[in-house]
Amino acid sequence: MTQVPALSLTDLSKAFGGLRAVKGVALCVAPGERRALIGPNGAGKTTLFNLISGELAPSAGRISLFGQDVTSLPSHRRAALGLARTFQITNLFSSLTVLENLLMAVQALERTKLMLLRPVSSYPHLFARARAILESVGLSDKEGDVVKNLSHGEQRQMEIAMALAGRPRLLLLDEPTAGLSLAESRLMTELLKELDSEITLLIIEHDMDVAFALTDRVTALHNGSVIADGHRDEVKANPLVREIYLGSA
Amino acid sequence: MTGGRRRTLGLLAVGALLLALPPFLSAYPLTLLTQGLIYAIFAMSLDLLLGYTGLASLGHAAYFGVAAYVVAIMTTMHHAGFWTCLVLALIAASLVSAIFGLVAIRAVGVYFLMITLALGMVVWGLAFRWVSLTQGDNGISGVPRPRLGPWSFAHQTAFYYLTLATFLVALGLLLLVVRSPYGMSLRGIRESEGRMRSLGYNVWLHKYLVFILAATFAGLAGFLWAYYNGFVSPVEVQLITSVETLLMVALGGPGTLVGPAVGAGVIVFLKNFVSLYTKRWLLILGGVYIGVILFAPQGLMGALRTGHHQNRKTLGWPKRAERGGPW
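Residues numbered from 1 in each chain as written. Chains lettered and ligands numbered in written order. Predicted model: local features only at pLDDT ≥ 70, side-chain atom pairs only at ≥ 80, totals over all residues.

(A) Layout of the overall build of chain A. Scanning chain A for helices and strands turns up nine helices and ten strands. In terms of C-alpha radius of gyration, chain A reaches 18 Å, essentially the compact-globule figure of 18 Å for 249 residues. Dimensions along the principal axes, computed over C-alpha positions, put chain A at roughly 60 × 40 × 40 Å. A burial count over chain A gives 43% of its 249 residues as buried. Taking all contacts inside chain A whose residues are at least 6 apart in sequence as the whole, residues at least 24 apart take part in 65%. (Helix = DSSP H or I, 4+ residues; strand = E, 2+ residues; numbered from the N terminus. Rg over C-alpha atoms; globule rule 2.2 N^0.38 Å. Buried ≥ 20, exposed ≤ 12 C-beta atoms within 10 Å, placed from the backbone. Contact = placed C-beta atoms within 7 Å.)

Now the structure itself:
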């Protein structure tokens with residue numbers, strides 16, 4: 001790779017006591033690339049995401065974001081470098097409204113978040129940006145609804161909206177279609193297809209149709225190790241991958 | 001008339017009464033009202049921590065007491081004036097919380113509760129044993145009423161209005177804070193710290209700052225208390241004081257500011273009323289607490305908002321679980 005990779009994992013490992021969840025994973029994602037991360041349950045995919053986003057500290061190895069070593073940086077500093085993620089289990093501010101959720105996301109990387117004595121309403125640019133994002137994911141008419149009253153599908157849309165608020169350069173999507181019906185999955189796939197092509201995407205997906213519709217490079221994980229990494233047709237044809245995914249893809 | 005409008009009118013009515021009634025009240029009700037207002041400031045400061053940020057502290061009285069002791073010591077031993085005492089009391093409260101916060105904020109949930117309890121005990125222990133400074137459990141008596149230039153606040157009515165003015169200033173400042181972008185971030189932290197971190201918030205810093213802010217306002221209440229009571233002792237920093245204040249917030253409605261202020265008034269009046277008939281105030285307090293959890297987990301303000309009907313449907317546990325936190 002001649003250009004600086006968006007994400008570079010070197011010999012990344014994570015052990016929880018005796019359980020080695022991630023074993024020496026090496027990964028390189030180019031800027032603007034769309035990469036799918038597949039693997040059966042327990043393969044270590046979400047743990048890998050948690051290592052990349054900073055929720056978990058690695059037992060060994062290094063993580064680089066756009067050429068910068070972030071291994072010891074806390075989550076919020078990685079976000080400032082252009083990293084955003086969605087969660088597999090919806091993680092929104094459930095008793096706040098849709099607009100309030102977006103406002104929270106929009107001001108996260110701005111100086112205004114530490115402003116003490118002026119009301120939020122005196123920062124119209126925050127509202128404008130929040131509304132623009134809601135428009136782009138199709139949730140404009142739900143602005144005043146409390147998040148816990150939204151349908152599951154709408155909440156998954158919110159997850160994407162929240163992640164887009166900080167203008168990320170690298171977006172980690174953890175099972176964006178989790179719990180969605182076929183129709184909802186299709187809508188979600190369309191939404192994700194329309195994302196800015198400059199954003200680098202790393203997607204964990206169990207639904208192979210969605211994974212292959214959105215990406216052309218695939219990394220397969222099994223028991224914490226990478227077992228295949230390359231173009232999706234190669235990985236699809238990989239005998240080890242076929243063995244593990246008996247019956248799917 | 002909508003609920004919101006009814007509430008605003010109700011609050012304005014209460015405000016009008018607070019302003020106009022006192023010259024017609026006799027001494028005892030007036031002192032209760034003054035006490036209620038001082039505890040209202042204390043309760044609102046705890047609400048900032050508990051209701052808005054989701055940090056339940058069992059040691060908030062530490063900062064209330066530290067400020068009260070500063071006033072007591074400075075007035076009786078150094079004859080310091082009103083403004084000197086105010087500045088020193090607030091600095092003392094924020095300094096102690098800044099130090100304690102370094103230890104406490106790293107803890108989450110139940111552990112935060114335990115650490116704040118322990119730190120509160122540390123302050124109580126110091127108040128008890130550092131006899132040369134605090135006179136131990138004899139306490140410091142003879143704290144005179146303040147003078148502001150030519151005006152003396154020795155008279156109960158004058159001191160009441162001073163307290164009311166301070167309360168209104170505190171309420172105004174706290175309302176600004178909770179409506180600010182920073183205030184909004186506190187709610188986000190209460191709902192989901194993990195999300196806040198991944199969005200880019202330095203959650204530790206925001207929690208640390210609110211800890212100090214809440215302690216400073218508690219210090220403001222303690223400052224007034226020393227003048228009001230004329231006597232400061234380890235009682236000001238004991239665990240029961242922290243617990244009673246926690247109950248004021250729970251009873252009034254966490255996360256509403258005005259609710260805890262009302263809760264403070266209710267508890268102060270209840271305590272003084274009940275004490276006329278029985279020594280078992282703590283038993284009653286416990287009963288009230290259980291009642292709040294079972295029947296009005298969102299407090300009085302919450303019950304007014306959603307309507308009595310809705311609260312009766314649940315026993316409160318699901319709401320607790322939704323809100324999260326270390327209850």
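Structure shown, so let's carry the discussion forward.
(B) Structural view of the sheet that holds strand β5 (residues 68–69) of chain A. Residue and element names in this part refer to chain A. Read across the sheet, four strands follow the order β2-β1-β4-β5 without closing on themselves; strand pairing throughout is antiparallel. On the outer flanks of this sheet lie β2 (19–29) and β5, each paired with one strand and no other. The pairing of strand β4 (residues 60–65) with β5 spans two bridges and is classified as antiparallel. Paired with Leu65 across the bridge in β5 is Gln68. (Pairing = 2+ DSSP bridges.)

(C) Expanded view of the sheet that holds strand β6 (residues 83–85) of chain A. All names here are of chain A. An order of β6-β7-β8-β3-β9-β10 is seen for the six strands of this open sheet, with the pairing classed as mixed. With partners counted over all chains shown, the strands left at the sheet margins are β6 and β10 (225–231), one partner each. Taken over all neighbouring pairs, the strand axes of this sheet differ in orientation by 15° on average, direction set aside. Pairing analysis gives four bridges linking strand β3 (residues 34–38) to strand β9 (residues 217–222), with the strands arranged parallel. The residue bridging Leu37 from the neighbouring strand is Thr219, located in β9. (Axes fitted to C-alpha atoms, helices over the stretch in contact; angles between N-to-C directions.)

(D) Examining the packing of helix α11 (residues 239–252) of chain B against helix α12 (residues 258–274) of chain B more closely. Residue and element names in this part refer to chain B. At their nearest, the axes of α11 and α12 sit 7 Å apart, and the two run at 120° to each other. Relative to α12, the element α11 is oriented oblique. Regarding α11 and α12, the two cross each other, and that crossing is right-handed. Together, Glu244, Leu247, Met248, Val249, Leu251 and Gly252 of α11 and Gly259, Pro260, Ala261, Val262, Gly263, Ala264, Val266 and Ile267 of α12 make up the contact between the two elements. Partitioned by chemical class, the residues of the contact of α11 with α12 number ten nonpolar, three polar and one charged. (Parallel < 35°, antiparallel > 145°, perpendicular 65-115°, else oblique. Left-handed = near helix turned anticlockwise from the far one by under 90°. Nonpolar A, V, L, I, M, F, W, Y, C, P; charged D, E, K, R; others polar.)

(E) Geometry of the interface of chain A and chain B. Contacts between the two partners involve 29 residues from chain A, matched on the other side by 21 residues from chain B. Elements represented by at least two residues in the side of chain A that touches chain B include exactly α2 (75–80) and α3 (98–106) of chain A. Top contributing element to the side of chain A that touches chain B by residue count: α2 of chain A, with four residues. Class assignment for the residues of the side of chain A that touches chain B results in 16 nonpolar, nine polar and four charged.

(F) Spotlight on the packing of α3 of chain A against helix α4 (residues 124–137) of chain A. All names here are of chain A. Viewed as axis vectors pointing N to C, α3 and α4 meet at an angle of 115°, and their least axial separation amounts to 9 Å. Comparing their axes, α4 and α3 come out roughly perpendicular. Along this stretch, α3 crosses α4, giving a crossing that reads as right-handed. Here Val98, Leu99, Leu102, Leu103 and Val106 of α3 come into contact with α4, specifically with Leu126, Phe127, Arg129, Ala130, Ile133 and Leu134. Here the residues of the contact of α3 with α4 sort into ten nonpolar, no polar and one charged.

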